[in-house]
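Inside the fold
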Amino acid sequence: MSSSTFFNISAGAYILGMVVYISYIAFRNKNIGIAATSLTIFGFVSQSIAFIIRWVNSYHFWLASRPESTFIESLLRAAPLRNLYESLVFFVWSLILVHLIMEFKYKNRSLGAFVTPVAALALLFIDVSGTAKEIQPLIPALQSNWLLFHVLLSFLGYAAFGVSFGAAVAYIIMVTETKTEKTYIFWSIIVGIFLIVLIAMGIDFLSLTAVERKELIQNYFLKATFRSSSGGIVAVSWVASIAFIFVIWRYGLGLKKILASLSITTNMLEEIEYKGIAIGFPLFTIGGLIMGAIWANSAWGRYWSWDPKETWSLITCFVYALYLHARFVSGWRGKRVAILAITGFITVIFTYLGVNLVLSGLHAYGGT
Amino acid sequence: MEKEKTTIFDKIWDFFASVRLTIVVFIALASTSIIGTIVEQRAEPATNIKLLAKFFGDSTAPTVYNIFVKLGFMDMYHSWWFVSLLILFSVNLIICSIERLPKTWRLVKMPLRPLNENVIKTLPVKKEMSIKTSLNTAKDEVLKSLSSYRYHVLAESAEENAVQLYSQKGGYTRLGLYVVHLSIILIFIGAIIGARFGFNGYLNLPEGMSASYAFLRTEPLSQAEQAEREQMLDIMESSQGDVSLTAKNLGITQDILDAKFKKYGIKPLGFTIICNWFNTEYYSQTDMPQEFQSELVIIENDREVLKKVIEVNHPLTYKGITFYQSSYGMVPNAVGTFVLKVRSTTGAEETLNLKFGQSFMIPGTNTRGTIVDFSPALARDPNTGKLITYSENMVNPAVGIEFDSPNAGRFTGWILKRYPETGVLPDGSQIKFLDYWGVEYTGLQVSRDPGVWFIYVASVIMAIGLYVAFFMSHKKLWIILRPETSGEKVSVRITVGGSASKNRLAFEREIERILSKASRTIEGLRPVGRE
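Residues numbered from 1 in each chain as written. Chains lettered and ligands numbered in written order. Predicted model: local features only at pLDDT ≥ 70, side-chain atom pairs only at ≥ 80, totals over all residues. Heavy atoms only, no water.

What follows concerns the overall build of chain B. In terms of regular secondary structure, chain B is built from 13 helices and 22 strands. Against the globule reference of 24 Å for 531 residues, chain B gives a C-alpha radius of gyration of 38 Å, more extended than a compact globule. With the C-alpha coordinates of chain B rotated into their principal frame, the extents come out at 125 × 80 × 55 Å. Scored against the burial criterion, the 531 residues of chain B give a buried share of 43%. Put simply, 63% of the contacts in chain B that link residues at least 6 apart link residues at least 24 apart. In the structure as shown, chain B presents an accessible area of about 28900 Å², 56% of it carried by carbon and sulfur atoms. The distance from the centre of the 58 positive side-chain charges to the centre of the 53 negative ones in chain B is 11 Å. (Helix = DSSP H or I, 4+ residues; strand = E, 2+ residues; numbered from the N terminus. Rg over C-alpha atoms; globule rule 2.2 N^0.38 Å. Buried < 20%, exposed > 50% of the residue type's maximum accessible area, 1.4 Å probe, protein only. Contact = heavy atoms within 4.5 Å. Areas by Shrake-Rupley, 256 points an atom, 1.4 Å probe, with all protein chains shown as cover. Lys, Arg positive; Asp, Glu negative; His and termini not counted. Charge placed at Lys NZ, Arg CZ, Asp CG, Glu CD.)

In structure tokens:
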């Protein structure tokens, strides 16, 4: 079977897993929980196989154009982490890996209902973006031994931040008491925006023709809704979004009841939120910032050029450093640090996707 | 008076030592940094006015632009206020670290004391078990097991009917975060050294040309200034890059020359660099570049001292100055040389350097070729079937040659550089189009950064510091061994309590392993059948 078959199987398993995780939260049946975990593990194994097959294929692809390369060099150049598609796929893999580790460590399945939607969003994004799924030649700037380690560590860091985000959102939902609280409004807006983007991308996917999907994602992202050429559709999108957020705000306390009835404790969520950052921060700083700077120095002659990607990585680091200092030196706890963890992940999303979609710079190859 | 001075000093110190300042600085740095990622930095005014017009409308955009320029937003990472924020950040970081280091040091150095059993039972990590054995055996085995996990029990205390063992490890891991802070300061020092003693320039060098300077970014120059700059560069070239000779030839002192260099953004290299050729390799059958390459030669004192083919990610360094492959392009109005390799059917080979319109004979035949046409990027239009040039860059260069042969008559053919099979003639002889040389330039990033070694060392230190700070912890444990007798049976009750500066779960598992190792050995020691 081909790499994409295995990948499609895993994508199906994750999305089904998400549904089962959410029903586990709703029905609290142990067997449903086991089914959710099994589906996720099955998807993970399948995706790992897909990853290896793709690596092997692109190894041969590289050798075909550079037959004189050594085994190690070809292996490093062939690492399937070269463009937006491959990086998103790897992000999903890392996220599920970190999630499974957390699930086994804390012996609690409920977090799956918060992490798998992030994976589903990434999967949907992959499908909507539709760019360059086939193995592509490696452009000169990426032909470096740093590629594998830089991307690998950055993405494991992103994934750890993603798990921390899931826990922080769940935490905020659990500790807010009334609808007028600022934190309650904060989480209903964040969750609302998250779901709205998910839905809007779904609409993009359904409404676009295959030809349009071959273009760069910047050109059609949210084109069917918020960025539509018809003013009416734009207006309807905004009104519908505001209504949607209102509905979440109105009925959001129900979520809190469901969470409270599960074996989730706020202490555990706080710990997972912190653990994700404690793992993600060093990985991202070493892999993303330090290795990135060293690579930039050997490729562009400057270790730091205030390129948007670099700057946003630094902003991400600042936010998480703020989290760590606020928590350990100033003794912040609870809602305030959870909001920082959520803010941190928003900067992660922007560092990863926003910069490539909205801004231009030296890292432009991440957007194709 | 004296006293008041100290208070002011104290106040300033306290201001910089406060974590509230850290939090404010983090928020300020993170939020202001965003501006520079939206407004294009050091760009042409038109670019950003266009961007601002999207938000503020066409009429107000220039006004907003001027306000932004005043605020330093167009080069914000070098603006006085951003640099001040970075200075504030470093001062805060240094003073906070100095303020807290002694406390941490005491925690590291503090000797462990035996604890009351009731206190041990309240520690975050605790474990209890009972083994049927004598107190001495239990103590020996627990000690052995502890030391195999690198817990060195330096102290034990005998209490009434019980023994207490206590140990700690990883105290130094508490210093990890100071190591991270130190590395940040080293990075700042490296950056300052780089900014003070290094430079960052560029050089667009056409194939076959030489230069003994690089260009730095300057303010826009007037026409007269540009003319003077050109003249200076010419004289510098004729003086073979020798700065004092250039000054002499220009009839000015070296100080004045240095000032002019600074004004015009000219950085003398101290040697001469030549670009022999630039080449783009493509992935087969596509226009995707696989590699950009330039062959560079360094000339010093009329001698070739270094020759290297550079690629992206593989620069050339000479005397601390590094040349990076960063771009390429066509030299306007350049006339190049066609490099052809001609091979006759008999195997005779010849490499030819020809100008446009020149003719050549294929060795061993009466066939004459004349170069009549050139396209930097030749393709067949899929709709009309006509040949077209689809790019101004040399993506798919082709040379048009008119042949005149006594047998075959006159005919014209296109020979493509990337498709050697297009050069096979009807009689079997072959013409390879090697290059249209002298029309492309290689875009080099030229820089010297003596601070980069600081950055490398700081990076390693930071990685180590982060690892220690996040993945290692200071662990303390206390173990009480208390013999118990119930009837005939003799057993020892083991009570363990401990604390870890982080990662409590891993510490818990470690304690479990230590105990189970000891108890397994004790079970194994016990003579069979005694029960």
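This part takes up the overall build of chain A. For chain A, the count of helices and strands is 14 helices and zero strands. Its helices and strands taken in sequence order, chain A reads α-α-α-α-α-α-α-α-α-α-α-α-α-α from the N to the C terminus. In terms of C-alpha radius of gyration, chain A reaches 21 Å, essentially the compact-globule figure of 21 Å for 368 residues. Taken over 368 residues, chain A has a buried fraction of 60%. Within chain A, contacts between residues at least 6 apart in sequence are counted, and of these 80% link residues at least 24 apart. Just so you have it, chain A exposes about 14600 Å², and 72% of that area is on carbon and sulfur atoms.

Facing 46 residues of chain A, the contacting portion of chain B comprises 46 residues. With both sides pooled, the region where chain A packs onto chain B buries about 4100 Å², and carbon together with sulfur makes up 67% of that total. Among the residues of chain A in contact with chain B, A:Y303, A:W306 and A:F318 are the three that bury the most area, contributing 17% of the side total. Residue A:R66 is joined to B:E291 by a salt bridge in which the shortest nitrogen-to-oxygen separation is 3.5 Å. Counting every contact that joins chain A to chain B gives 11 residue pairs in polar contact (both at pLDDT 80 or more). At the level of elements, α2 (30-65), α4 (84-106), α12 (266-300) and α13 (308-328) of chain A are the ones that each hand at least two residues to the side of chain A that touches chain B. (Buried area = accessible area lost by both parts, 1.4 Å probe. Salt bridge = Lys/Arg side-chain N within 4 Å of Asp/Glu carboxyl O. Polar contact = N/O pair within 3.5 Å; in protein donor to acceptor, adjacent residues only side chain to side chain.)

What follows is about the nonpolar core. Counting 154 residues, the largest nonpolar core has A:F91, A:L259 and A:F281 as the members making the most contacts within it. It is helix α6 (residues 146-175) of chain A that provides the largest number of residues to this core, a total of 19 residues. Formed by 30 residues, the second largest nonpolar core is a distinct cluster that contains B:L269, B:L296, B:I310 and B:Y318. (Core = buried A, V, L, I, M, F, W, Y, C linked by side-chain atoms within 4.5 Å.)

The next point concerns unusual backbone geometry. For residues besides glycine, phi is generally negative; the peptide bonds are generally trans as well. The backbone phi angle of A:W306 is positive, close to 55°, even though this residue is not glycine. By secondary structure assignment, the location of A:W306 is in the loop between α12 and α13. Located in the positive-phi region is B:K319, a residue other than glycine, with phi close to 50°. Since its relative accessible area comes to 56%, B:K319 is described here as exposed.

All names here are of chain B. All of the buried residues in helix α4 (residues 61-70) are A61, V64, Y65 and F68. Down the axis of α4, the buried set is contained in an arc of 105°. They therefore lie on one face. Of the surrounding elements, those touching the buried residues of α4 are α3 (45-56). (Arc of directions from axis to C-beta.)

Our focus in this paragraph is the sheet that holds strand β13 (residues 359-361) of chain B. Residue and element names in this part refer to chain B. Read across the sheet, four strands follow the order β13-β14-β17-β18 without closing on themselves; strand pairing throughout is antiparallel. For this open sheet the edge positions go to β13 and β18 (409-416), each flanked by a neighbour on one side alone. Averaged over neighbouring strand pairs, the angle between their axes works out to 30° when direction is ignored. Sheet topology note: the strand β17 (residues 398-405)/β18 ladder contains eight bridges and is antiparallel. Across the sheet, the residue bridging to F403 is F411, located in β18. (Pairing = 2+ DSSP bridges. Axes fitted to C-alpha atoms, helices over the stretch in contact; angles between N-to-C directions.)

This part covers the side chain of A:K275. Looking at where A:K275 falls in the secondary structure, it is placed in helix α12. The exposure class of A:K275 is buried, given its relative accessible area of 10%. Setting aside chain neighbours within four positions, we find A:K275 in contact with A:M102, A:Y106 and B:N503.

A few words on the environment of B:S491. Within the secondary structure, B:S491 is located in strand β22 (residues 489-500). The residues contacting B:S491, other than those within four sequence positions of it, are B:S130, B:I131, B:K132, B:T133, B:R482, B:P483 and B:E484.

Think of it this way: side chains of opposite charge can pair up when their charged atoms draw near. Residue and element names in this part refer to chain B. Under the counting rule described, the total for this entry stands at 22 salt bridges over all chains. Put simply, E128 and R493 hold a salt bridge, and the shortest N to O gap is 3.2 Å. In this pair, E128 is assigned in strand β1 (residues 125-131) and R493 in strand β22, connecting sequence segments 365 residues apart. Under the relative-accessibility criterion, R493 is labelled partly exposed at 27%. Salt-bridge contacts for K417 lead to D435; the nearest nitrogen and oxygen are separated by 4.0 Å.

Time to look at the sheet that holds strand β19 (residues 430-437) of chain B. Residues and elements named next belong to chain B. Taken together, three strands build an open sheet; the order of strands is β12-β11-β19 and the sheet is antiparallel. Looking at strand neighbours, the two that pair on one side only are β12 (349-354) and β19, the edges of this open sheet. Neighbouring strand axes in the sheet, compared pairwise and without regard to direction, differ in orientation by 20° on average. Here strand β11 (residues 337-343) runs beside β12; their pairing, made up of six bridges, is antiparallel.

Our next topic: the packing of α12(A) against helix α12 (residues 452-471) of chain B. Contact geometry for α12(A) and α12(B): axes closest at 10 Å, N-to-C directions at 165°. Regarding the angle of α12(A) to α12(B), the classification is roughly antiparallel. Between α12(A) and α12(B) lies a crossing of left-handed hand. Mapping the contact onto sequence places A:A278, A:I279, A:F281, A:P282, A:T285, A:I286, A:I290, A:I294 and A:N297 in α12(A) and B:V452, B:Y456, B:S459, B:M462, B:A463, B:L466, B:F470 and B:F471 in α12(B). Looking at side-chain class alone, the contact of α12(A) with α12(B) contains 14 nonpolar, three polar and no charged residues. (Parallel < 35°, antiparallel > 145°, perpendicular 65-115°, else oblique. Left-handed = near helix turned anticlockwise from the far one by under 90°. Nonpolar A, V, L, I, M, F, W, Y, C, P; charged D, E, K, R; others polar.)

Moving on: a nonpolar patch on the surface. All names here are of chain A. Side chains of I41, V45, I49 and F104 sit close together on the surface and give an oily, nonpolar patch of about 330 Å² of accessible area. Residue position: I41 is located in helix α2. Given the relative accessible area of 33%, I41 is considered partly exposed. (Patch = residues over 30% accessible without salt bridge, like charges linked within 9 Å, V, L, I, M, F, W, Y side chains within 5 Å.)

To continue, consider the packing of aromatic side chains. Enumeration over the complete set of coordinates arrives at 51 aromatic pairs over all chains. Relative to B:Y77, the ring of A:W306 lies with its centre 3.9 Å away and its plane at 5°, an arrangement referred to as stacked. A residue pair is termed interchain when its members come from two chains, as with A:W306 in the loop between α12 and α13 and B:Y77 in the loop between α4 and α5 (80-109). Accessibility expressed as a relative area gives 4% for B:Y77, which makes it buried. Geometrically, the ring pair formed by B:F68 and B:F73 is edge-to-face, given 4.9 Å between the ring centres and 65° between the ring planes. In terms of burial, B:F68 and B:F73 fall into one category: buried. (Phe/Tyr/Trp six-rings, centres within 6.5 Å; stacked < 30°, edge-to-face > 60°.)

Any functional reading would require information that these geometric values do not contain.
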